Amino acid sequence: FFSRTVFYRCAIITMSITRNEAGHYDVLCGRGGGRRVSPGLRELAHRYAVAYRMAQRGQKKAVCMQLIEELEQLGGRFWVENNRDGDGLFYEAGFTDEQKIRKVKEVIRRIEVDLPPPVENGPEPVENGTEPEENGG
């Protein structure tokens, strides 16, 4: 097994794979669009998208961390492409949690989801299912 060390944003990377060797839950990072999003990450992102969209600003990070923990429990790893050598290899990235969260947020934001309708604070219906009458006059 051939391995070499590459530095990427102050992270040391030592293992390498090709695109075809990537697992179902492996996340391939680098230049390019959605073609690099793993099927496993896409599946998890669909499951977490509604919770992410409905979360308050401070809670979105926690939703992403739950997704990342599940992804890693399923064997997923974050890989980065080596564009300098043009060898088509991806190297295991020693991403920080913030870097992982940034990648996951990027994927979740691309997903279209149907959010439940907002709850209105109007008058409550009466027991027979009709709206209460307003007092006129």
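Residues numbered from 1 in each chain as written. Predicted model: local features only at pLDDT ≥ 70, side-chain atom pairs only at ≥ 80, totals over all residues. Heavy atoms only, no water.

A. Fine view of the sheet that holds strand β5 (residues 78-81). Read across the sheet, 4 strands follow the order β3-β6-β5-β4 without closing on themselves; strand pairing throughout is mixed. At either end of the open sheet lies a strand with only one pairing partner, and these are β3 (16-18) and β4 (27-29). Strand-to-strand twist in this sheet, taken as the mean axis angle between neighbours without regard to direction, amounts to 35°. In the sheet, β4 pairs with β5 via 3 bridges, with the strands oriented parallel. Bridge assignment links Cys 29 to a residue of β5, and that residue is Val 80. (Pairing = 2+ DSSP bridges. Helix = DSSP H or I, 4+ residues; strand = E, 2+ residues; numbered from the N terminus. Axes fitted to C-alpha atoms, helices over the stretch in contact; angles between N-to-C directions.)

B. Layout of the environment of Val 80. Looking at the secondary structure, you find Val 80 in strand β5. Between the alpha carbons of Val 80 and Ala 93 there is a distance of 5.9 Å; along the sequence they are 13 residues apart.

C. Region of the structure containing the packing of aromatic side chains. Scanning all chains against the criterion turns up 1 aromatic pair. An angle of 50° between the planes, with centres 6.0 Å apart, marks the rings of Phe 78 and Phe 95 as tilted. Of the two residues, Phe 78 sits in strand β5 while Phe 95 sits in the loop between β6 (89-92) and α3 (97-109), which places them 17 residues apart along the sequence. As far as the burial class goes, Phe 78 and Phe 95 line up, both buried. (Phe/Tyr/Trp six-rings, centres within 6.5 Å; stacked < 30°, edge-to-face > 60°. Buried < 20%, exposed > 50% of the residue type's maximum accessible area, 1.4 Å probe, protein only.)

D. Seen up close, the pairing of β5. Where burial is concerned, the two faces of β5 agree: the one with Phe 78 and Val 80 and the one with Trp 79 and Glu 81 are both buried. Two strands pair when backbone bridges link them, and β5 and β6 are joined in this way by 3 bridges, in the antiparallel orientation. Paired with Trp 79 across the strands is Glu 92, a residue of β6.

E. Main features of the pairing of β6. By the bridge criterion, 3 bridges tie β3 to β6 in an arrangement that is antiparallel. Residue pairing for β6: Thr 18 is matched across the bridge by Leu 89.

F. Layout of α3. Taking 1.5 Å per residue as the helical rise, α3 with its 13 residues ought to reach 18 Å, and the 18 Å between its terminal C-alpha atoms agrees with that figure. Taken together, the buried positions of α3 are occupied by Gln 99, Lys 100, Ile 101, Lys 103, Val 104, Val 107 and Ile 108. Buried residues in α3 make contact with β4, α1 (39-54), α2 (60-73) and β5. (Expected span 1.5 Å × (residues − 1). Contact = heavy atoms within 4.5 Å.)

Take it as geometry only, folks, not as evidence of what the structure does.
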